[in-house]
Amino acid sequence: VSLILFDEKVNNFISPGGTRAHLYNMITALEESSPAMKTDVCSALNESQGLLKKRGRLIVISDFWGADSNLFDALSQFIHRKFEILLMQVFDEEEMSLPQYDNVRFVDMESGEEIQLEPDEIRAQYKKNMQSFLEGLAKNSEARKIQYSLVNTKNSYIEAIESYLGFRKGGK
């Protein structure tokens, strides 16, 4: 098992291992990491190609915002090398439907750009765009035999573990 943490580039790579000390190092790295203002999953995947020498299972955990068709271009190198791939898209409940407030100031977490509006004005179009985005990821994943899982942060982490365990079972 190895671990790659990234924002716009790879920040931390823990090479493959299987000891308790290795697991401890990975958990420590995860606990010490903090979210970045900007991320680029495609760039990190391209950079990771040289780090992951042996074929195996690749699990990408992200919200995948901004990762359009370039995501599958970046994954193609792993598909070609016969990696089994699981995309776990993590989202917050309010990202799916917009909060029920009268007037809201939205702040882009990556750019810091702000906009103030009433969510009711854009909710229908937002939901339509969100559904299209999610369906696009799911369909593109299925077309490439990539497992895709949508994980709501409101739910227990058990959901993510079950998604992973299903991925492992499918690979055996």
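In what follows, the structure referred to is the one given above.
Keep in mind that this is a model prediction, so the values were computed, not measured.

Draft legend 1. Representation of the pattern of salt bridges in the model. What the rule picks out here adds up to three salt bridges. Between Arg57 and Glu84 there is a salt bridge, with its nearest N and O atoms 3.5 Å apart. Of the two residues, Arg57 sits in strand S3 (residues 57–62) while Glu84 sits in strand S4 (residues 84–91), which places them 27 residues apart along the sequence. For Glu84, a relative accessible area of 28% gives the class partly exposed.

Draft legend 2. Representation of the pairing of strand S1 (residues 3–6). Summarising the sheet, S1 and strand S2 (residues 10–14) pair through four bridges and their orientation is antiparallel. Across the sheet, Leu3 pairs through a bridge with Ile14, a residue of S2. Hairpin geometry of S1 and S2 is characterised by an intervening segment of three residues between the two adjacent antiparallel strands.

Draft legend 3. Geometry of the packing of aromatic side chains. Per the counting criterion, the structure on display carries two aromatic pairs. Seen in terms of ring centroids, Trp65 and Phe133 are 4.8 Å apart; in terms of plane orientation they differ by 10 degrees. Their pairing is stacked. Taken together, the residues span a long stretch of sequence, with Trp65 in the loop between S3 and helix H3 (69–80) and Phe133 in helix H5 (residues 119–143) at a distance of 68 residues. On the accessibility criterion, Phe133 (22% relative accessible area) is partly exposed. Ring geometry for Phe78 against Phe83: centres 5.1 Å apart, planes inclined by 80 degrees, an arrangement best described as edge-to-face. Taken individually, Phe78 and Phe83 each receive the classification buried, so the pair is uniform in this respect.

Draft legend 4. Representation of the packing of helix H2 (residues 41–48) against H3 within the structure. Running from N to C, H2 and H3 point in directions that differ by 15 degrees, and their axes come no closer than 9 Å. Taken together, the axes of H2 and H3 are roughly parallel relative to one another. Helix-helix and strand crossings are classified by hand; for H2 and H3 the assignment is left-handed. Two secondary-structure elements touch here, H2 through Val41, Cys42, Leu45, Asn46 and Ser48 and H3 through Asn70, Leu71, Ala74, Leu75, Gln77 and Phe78. Considered class by class, the residues forming the contact of H2 with H3 number seven nonpolar, four polar and no charged.

Draft legend 5. Summary view of the side chain of His22. Along the polypeptide, His22 turns up in helix H1 (residues 20–32). We classify His22 as buried; its relative accessible area is 11%. Residues contacting His22, with those up to four places away along its chain left out, are Val1, Ile14, Ser15, Pro16 and Gly17.

Draft legend 6. Broad picture of unusual backbone geometry. Although it is not a glycine, Lys82 sits at a positive phi angle of roughly 70 degrees. Along the chain, the position of Lys82 falls in the loop between H3 and S4. Positive phi, close to 60 degrees, is recorded for Lys145, a residue that is not glycine. When its relative accessible area of 77% is taken as the criterion, Lys145 is described as exposed.

Calculation rules
- Residues numbered from 1 in each chain as written.
- Predicted model: local features only at pLDDT ≥ 70, side-chain atom pairs only at ≥ 80, totals over all residues.
- Heavy atoms only, no water.
- Salt bridge = Lys/Arg side-chain N within 4 Å of Asp/Glu carboxyl O.
- Helix = DSSP H or I, 4+ residues; strand = E, 2+ residues; numbered from the N terminus.
- Buried < 20%, exposed > 50% of the residue type's maximum accessible area, 1.4 Å probe, protein only.
- Pairing = 2+ DSSP bridges.
- Phe/Tyr/Trp six-rings, centres within 6.5 Å; stacked < 30°, edge-to-face > 60°.
- Axes fitted to C-alpha atoms, helices over the stretch in contact; angles between N-to-C directions.
- Parallel < 35°, antiparallel > 145°, perpendicular 65-115°, else oblique.
- Left-handed = near helix turned anticlockwise from the far one by under 90°.
- Contact = heavy atoms within 4.5 Å.
- Nonpolar A, V, L, I, M, F, W, Y, C, P; charged D, E, K, R; others polar.

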